[in-house]
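# Chains, contacts and geometry: an overview
Spelled out, the chains give:
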Amino acid sequence: MTTPEWTPEAESRLKEIPFFVRPAARKKIEKFAQDAGIGQISVEVYEQAKQKFNSK
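Summarised in this report is the structure supplied together with it. (Residues numbered from 1 in each chain as written. Predicted model: local features only at pLDDT ≥ 70, side-chain atom pairs only at ≥ 80, totals over all residues. Heavy atoms only, no water.)

### What about the nonpolar core?
Nonpolar side chains in soluble globular proteins generally cluster together in the buried interior. Spelled out, the test is: For the purposes of this section, nonpolar cores are sets of buried Ala, Val, Leu, Ile, Met, Phe, Trp, Tyr and Cys residues that join through side-chain atoms within 4.5 Å. A 1.4 Å probe rolled over the protein chains alone gives each residue an accessible area, and that area as a share of the maximum for its type sets the label: buried under 20%, exposed over 50%, partly exposed in between. For helices the rule is a DSSP run of H or I covering at least 4 residues; for strands it is a run of E covering at least 2, with both sets numbered from the N terminus onward.
Core analysis: the largest hydrophobic core is formed by twelve residues, namely Trp6, Ala10, Leu14, Ile17, Ala25, Ile29, Phe32, Ala33, Ile41, Val45, Tyr46 and Ala49. Every element with two or more residues in this core is listed here: helix 1 (8-14), helix 2 (22-35) and helix 3 (43-54). The greatest single-element share of this core, amounting to four residues, is contributed by helix 2.

### Re the side chain of Thr7
The topology assignment puts Thr7 in the loop between strand 1 (5-6) and helix 1. Residue class for Thr7 comes out buried when judged on its relative accessible area of 11%.

### Quick look at helix 3
The test is simple: Expected helix span is computed as 1.5 Å times (number of residues minus one). Starting at the helix axis, one direction is taken to each C-beta atom, and the arc is that of these directions. Two residues form a contact once any of their heavy atoms are found within 4.5 Å.
The end-to-end C-alpha separation of helix 3 is 16 Å, in line with the 16 Å expected for twelve residues at 1.5 Å each. What helix 3 keeps buried is the set Val43, Val45, Tyr46 and Ala49. Each buried residue of helix 3 sits inside an arc of 160 degrees when the element is viewed along its axis, so together they form one side. Residues of helix 3 that are exposed and point more than 90 degrees away from the buried face comprise Glu44 and Gln51. Where the residues of helix 3 are buried, they touch strand 1, helix 1, helix 2 and strand 2 (40-41).

### Here's the deal with the packing of aromatic side chains
The condition that has to hold: By convention, a stacked pair of Phe, Tyr or Trp rings (six-membered ring in the case of Trp) has centres within 6.5 Å and planes under 30 degrees apart, an edge-to-face pair has planes over 60 apart, and any other such pair is tilted. In this scheme, the term charge over a ring applies when either NZ of a lysine or CZ of an arginine sits within 6 Å of the ring centre and within 35 degrees of the ring normal.
This model, assessed by the stated rule, comprises two aromatic pairs. Here the aromatic rings of Phe32 and Phe53 are separated by 6.4 Å at their centres, their planes lie at 75 degrees, and the arrangement is edge-to-face. Of this pair, Phe32 sits in helix 2 while Phe53 sits in helix 3, placing them 21 residues apart in sequence. Above the ring of Trp6, the side-chain terminus of Arg26 is found at 4.9 Å from the ring centroid. Taking the ring centre of Phe53 as reference, the NZ or CZ of Lys28 above it sits at 4.6 Å.

Structure below.
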């Protein structure tokens with residue numbers, strides 16, 4: 001499966017994450033999208049993934 005594309009809005013949200021954890025966060029969000037069969041990461045998908053990971 002290919003890596004999901006990021007919308008510009010979701011990409012800008014990603015930039016709010018501290019730079020030193022951003023690559024790991026990007027990978028987790030992309031994996032979340034892939035596992036859900038989502039081809040594009042929008043702000044909504046970003047928020048869903050963030051909620052999922054923050055609940056652990």
